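Here are the chains, one letter per residue:
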Amino acid sequence: MSTKPTNVEEIKKELIAKMPTKVARKRAKSILPGTEMGEPIPEIQSNVRTIPGIITQRGCTYAGCKGVVLGPSRDIVNLTHGPIGCGFYSWLTRRNQTEAGPDGENFIPYSFSTDMTEHDIVFGGEKKLRAAIKEAYDTFHPKAISIFSTCPVGLIGDDIHAVARTMQEELGITIFANSCEGYKGVSQSAGHHIANNQIMKHVIGTDDDTKIEGKFKVNMLGEYNIGGDAFEIERILEKCGFTLVATFSGNSTVQDFRVAHNADLNTVMCHRSLNYVAEMMETKFGIPWIKVNFIGAEASAKSLRRMAAYFEDQELIDRVEAVIAEELVAVNKVVEEIKPRTAGKTAMLFVGGSRAHHYQELFKELDMKILGAGYEFAHRDDYEGRHVLPNIKVDADSRNIEELEILPDPERYKPRKTEAEMARLNEKGVDFKGYEGMIEGMGKNAMVIDDINHYETEKLLEIYKPDIFCAGIKEKFIVQKMGIPLKQLHNYDMGGPYAGFNGAINWYRDIDRMVNTKVWALIKAPWQSTGPELEATYVA
Ligand code: CFN
Ligand code: HCA
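Given the structure is predicted, the values throughout are model-derived calculations rather than measurements.

**A look at the sheet that holds strand β13 (residues 468–471)**
Then, in step 1: Spatial ordering of the open sheet is given by β1-β12-β11-β10-β13-β14, a layout of 6 strands whose pairing is mixed. The open sheet has two edge strands with one neighbour each: β1 (31–33) and β14 (486–488). If you compare each strand with its neighbour and ignore which way they point, the axes differ by 20° on average.
Then, in step 2: With 3 bridges joining them, β1 and strand β12 (residues 447–449) adopt antiparallel strand pairing. Paired with P33 across the bridge in β12 is M447.
Then, in step 3: Contacting β13 and β14, helix α20 (residues 500–516) runs over the sheet at an angle of about 155° to β14.

**Regarding the packing of aromatic side chains**
Then, in step 1: Taken as a whole and judged by the stated rule, the model has 20 aromatic pairs.
Then, in step 2: Consider the rings of F242 and F311, whose centres lie 6.2 Å apart with planes at 50°: the pair is tilted. Here F242, found in the loop between α10 (229–240) and β7 (243–249), pairs with F311, found in helix α13 (residues 297–311); they are 69 residues apart in sequence, far enough to count as distant.
Then, in step 3: Ring pairs connect the aromatic residues F216, F242, Y310, F311 and F432, which therefore count as one cluster.
Then, in step 4: The ring of Y224 carries R94 above its face, with NZ or CZ at 4.7 Å from the centroid.
Then, in step 5: Just above the ring of Y310 sits the side chain of K417; from NZ or CZ to the centre is 4.6 Å.

**So, helix α2 (residues 21–28)**
Then, in step 1: If you check which residues of α2 are buried, you get V23, A24 and R27. Buried residues along α2 cover an arc of 100° about the axis, so they all sit on one side. For α2, the exposed residues lying more than 90 degrees away from the buried face are T21, K22 and R25.
Then, in step 2: In the core, the buried residues of α2 are packed alongside α1 (8–16), β1, β12 and α18 (454–464).

Rules used throughout
- Residues numbered from 1 in each chain as written.
- Chains lettered and ligands numbered in written order.
- Predicted model: local features only at pLDDT ≥ 70, side-chain atom pairs only at ≥ 80, totals over all residues.
- Heavy atoms only, no water.
- Pairing = 2+ DSSP bridges.
- Helix = DSSP H or I, 4+ residues; strand = E, 2+ residues; numbered from the N terminus.
- Axes fitted to C-alpha atoms, helices over the stretch in contact; angles between N-to-C directions.
- Contact = heavy atoms within 4.5 Å.
- Phe/Tyr/Trp six-rings, centres within 6.5 Å; stacked < 30°, edge-to-face > 60°.
- Lys NZ or Arg CZ within 6 Å of the ring centre and 35° of its normal.
- Buried < 20%, exposed > 50% of the residue type's maximum accessible area, 1.4 Å probe, protein only.
- Arc of directions from axis to C-beta.

Below, the structure is given as structure tokens:
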């Protein structure tokens, strides 16, 4: 019987042992143990090109721009310029939910594409793009149309920005384009940045006439309403007395973006995908930002407290405390019931650019142990923390991305807090721009892996056999065939919301069911079976 390696360094050696030397050397820089709280945090290699030929979990720049950042807006026609596959595969799979408002406008159920074919690749696709914009306009009369390039568009050189400009003049609505060809960056991350730039340039702050009422006005950045998360966060914020001006971009409208500069605080839920807008809005309008996390009951309570502390209003602070106390009654009741069944169970999470960290909170609330975690495309600050890397250039992946020059807006720049006020509030724990990275606190027995590949995933499952594995659709069925339940942390399978207090309760119940069902014990992993199902011999 083989003995299993017990420490992270040994497991790492085993993970890379069979790789070619150059590949092993590169992968070694992206794999390390977690640290205890307060320990120095090592540098991790991240946001670099995936090794060609390795099966990665990552997606492309178009996915990050169209699928992630702008896709969830409900009244913008998001038009893919490219072959039909790109539009089709980014159509509704992310489960970003919407509710048409009083205007009844909701384009989320549609997938808009120019459906480029060979003819367009050879002769150019601009004519087809103009026709598609006109057709969408005549059919739906949207307030805005956003165009997204796919790989071939960059290769043949269609000028989507020129098309956007002329069609905007012709139709009199907002039309803007995103040069987010799939190959442009090393992952989705470049697409986030491109979308951030374009909404900043074309939409944010373009309406100064509409007045936004409310004493405690906030925006929620990096919240996409997957499985209804934003609806739950909205419920809580409203109950506390905050006025939510705009969510970027779950169930959002173009009008929300236009008036977003009226907020007095930007809260950033997913830092990885929307930090660029947060920084640019601070420079241009003087709105400070704080990192929040509504995944986990404790994390939600902490975020609400920091938001209330920012406004320094005793009535708001008291109300937030009352809401937290009230909501935690139901949360604690469910935790107490479920915890005895989940305590000590083990989990691994490999996903995206923020959830592999955020969801550790929810597992901890069930007393579960994290054996390993990693992001697909995060940057060093997401791993090592902004406190550790205060001056990191947050857009380090942006070699091919136009740098926007953002300056204070002479008419609308209004610093919400002076530097002295911010320093004082920081002492009260508001922590502007502060966020912890994933590595700190995971402990030396946990493994941190950036851009995990399929080979490493299978190896880890074999070595650790966790009680639950969290990833996406590409991994789901392979992992389940190995006898391990897989929770999709991208689209939540059919579940959610998991954010906020009600979301935490949903999560506890779903995880309890998944780690305690007997069905997984009935499946034999390939390495447990007595021998190969098929055997072949070479014939000379
Ligand atoms: S909803 Fe977000 S939370 S936006 Fe980002 S980094 Fe993706 S689509 Mo998939 S689930 Fe994932 Fe995050 Fe931010 Fe989603 S962890 S990979 S690009 N992500
Ligand atoms: C994307 C979107 C994705 C994919 C999820 C998955 C999502 O990156 O293109 O691989 O299961 O959340 O829908 O991250």
